Amino acid sequence: MDKLLRVTMGDSPSFVTEKMDAYAGLGGRNLTSKIVATEVPADCHPLGPENKLVIAPGLLSGTAASMSGRISVGCKSPHTGGIKEANAGGQAAQTMARLGYGAIVLEGSAPGNKLYTLVITKDGVKIESADGLKGLGNYAVIDVLKKTYGDKAAYMSIGQAGEMRLGAASIACTDPELRPTRHCGRGGVGAVMGAKGVKAVVFDDTGCGMRKPKDPEAFKAANKAFTKGLQDHPISGQGLPAYGTNVLANIINESGGYPTNNFSKGQFDGVGKISGETQAETEEKRGGNPTHGCHRGCVIKCSGIFVDKDGNYVSKQPEYETVWAHGANCGIDDLDVIARLDRMDDDFGLDTIEMGATIAVAMEAGLAEFGDGEAAIRLLQEVGDGTPLGRILGSGAAVTAKTFGLERAPVVKGQAMPAYDPRPIQGIGVTYATSPMGADHTAGYAITANVLKSGGFVDPLKAEGQVELSRNLQIATAAIDSTGMCLFIAFALLDQPETFQALIDIINAFYGLSLTGDDVTALGKEVLTLERDFNARAGFTKADDRLPRYFRREKLAPHDVVFTVPDEELDEVFAW
Ligand code: SF4
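Parameters at a glance
Residues numbered from 1 in each chain as written. Predicted model: local features only at pLDDT ≥ 70, side-chain atom pairs only at ≥ 80, totals over all residues. Heavy atoms only, no water. Helix = DSSP H or I, 4+ residues; strand = E, 2+ residues; numbered from the N terminus. Buried < 20%, exposed > 50% of the residue type's maximum accessible area, 1.4 Å probe, protein only. Pairing = 2+ DSSP bridges. Axes fitted to C-alpha atoms, helices over the stretch in contact; angles between N-to-C directions. Contact = heavy atoms within 4.5 Å. Near = heavy atom within 4 Å. Nonpolar A, V, L, I, M, F, W, Y, C, P; charged D, E, K, R; others polar.

Caption draft 1: Structural view of the side chain of H233. Following the sequence through the fold, H233 ends up in the loop between α6 (216–232) and α7 (234–243). Classification of H233 by relative accessible area gives buried; the value is 4%.

This is the structure we're talking about:
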């Protein structure tokens, strides 16, 4: 991965292939954030030509290491106004890495409404007109592209939401079956791709081999130990493969932290109808598949295939976050409705978390009743159709609440909270408040120690210990996000020191290094420091590292608690 592809969009789009030079040895989030922090003026408009969209596979992507297929996308976010890294599975990371590219940097902006497709093969790069793809959703885009570029390539694309440059627009990556179901979802990265006039990127790695480690024997042994560690852990070896991420629905509901009806209750009466157990049983009965890898080389296989009553494909198995966002948070207890909404999100190219949170806000504003699935479908269709109401909804929960005069928008830095209420799970509240990314559970997944008792236990109802927990997890996550590894390796890393060591051994054997655990910590701190520095230059202050005030005022049933971690402690999260 020693090549950096710089593409300048404009009247005559052009590209240049450079050496990685100053960015050599970086990958994933470390690389996207480094390029954005170095090259993008922090005060620029996110949809203007000065912003850049950076696409980068992780350090281990394209190798034989298990779980190494995450692709990172970075830019200044049109949704939060700060730095953004969003990552996804699918095949893009592996193919891009095998083609030898460490990063693609999209610069400038396309004139008028022109759209382009970047085609990258071992023979070079082409920039082709994509005007024929204008207005198409991701599924139709991939159907057209694969007729030309075949079913061996991997694809990244935007749907209508990206073309409209909406704040909730995502970038889709195809899975092994060429379905555009794995999304760099958060922060409006799809809107930035749309502003560059890039509708799709095609990666065809035909003729390229697997990336080769410096020490093949040590690499093989470390990967074997790492894989065994993942398979031995009860969450990554049993829970996730059997029930997918939605295995969490019953667990989080039981904890009282399952946000219901726009974060007004912590438990949902209909959880049994939408839980991971019910979802897996439904899929099996209908001929779907609850155990599927979103990219080749995944050994956990938490994804799946959801089919309708006649066995026809509807969507990927909706993730825990999606089932919650379009389910409990909107009072909807129908898996078929949720799967339709998931399919629409993937097709229009929308972040399912943001859209579920937004529809719940719209329900609170009186645009529909909580629990009305058909109304939720109608509201989401407005987004795909680009109606004035749809464009408001597609701009996210904060904009929607503002438009309809509501205080109760569950957002931080303008980005909607995911599926854990921060009042009865206070550690995740610290992460939501302080992450440079805005409210983001993956930035420091405190559910581990607060609820799952993975990596120790910190009482979720109390303020004590939450800052330290979130700090350590944010550091570890920033490092993992740089490797290209799926975050679901974290449970085994936290509970099994030998699995953590095996991951370090994989990196060392591949690159011929002798890193230690301390180096991994240093890497995570470095990434967070440069992201925080970008946000400070963009105008963020400690006032932005706060939850909305109503989380300190409104008690949440059943525990009747508010968020109690003091502001002064929140300001200590990054004090190292
Ligand atoms: S564990 Fe799930 S999200 Fe992670 S790589 Fe595998 S299928 Fe994808």
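Caption draft 2: Here's a closer look at the sheet that holds strand β8 (residues 124–129). The mixed open sheet is built from six strands, whose spatial order is β8-β7-β12-β9-β10-β11. Edge positions in the sheet fall to β8 and β11 (182–184), since each of these pairs with one other strand and no more. Pairwise comparison of adjacent strand axes, ignoring direction, gives a mean angle of 20 degrees for this sheet. In this sheet, strand β12 (residues 198–203) lies alongside strand β7 (residues 116–121) in parallel orientation, the contact comprising five bridges.

Caption draft 3: Structural view of the sheet that holds strand β15 (residues 313–316). Taken in spatial order, the three strands line up as β13-β14-β15 in an open sheet, and their pairing is antiparallel. Sheet topology places β13 (289–292) and β15 at the edges, where each strand pairs with a single neighbour. Taking the axes of each pair of neighbouring strands and ignoring which way they run, one obtains an average angle of 25 degrees across the sheet. Running at roughly 70 degrees to β15, helix α12 (residues 335–348) makes contact with β14 (303–307) and β15 of the sheet.

Caption draft 4: Structural detail: unusual backbone geometry. Note the cis peptide between A557 and P558, where omega equals 10 degrees. Mapped onto the elements, P558 comes out in the loop between α23 (550–553) and α24 (567–570). For D560, which is not a glycine, the phi torsion comes out positive at approximately 55 degrees. Inspection of the secondary structure assignment puts D560 in the loop between α23 and α24. Judged by relative accessible area, which is 48%, D560 ranks as partly exposed.

Caption draft 5: Here's a closer look at the site of the ligand. C294, H295, C298, C302 and C486 are the nearest of the 13 residues found near the ligand. For the shell around the ligand, the residue count by class is seven nonpolar, four polar and two charged.

Geometric descriptors of this kind do not, in isolation, establish any biological role.
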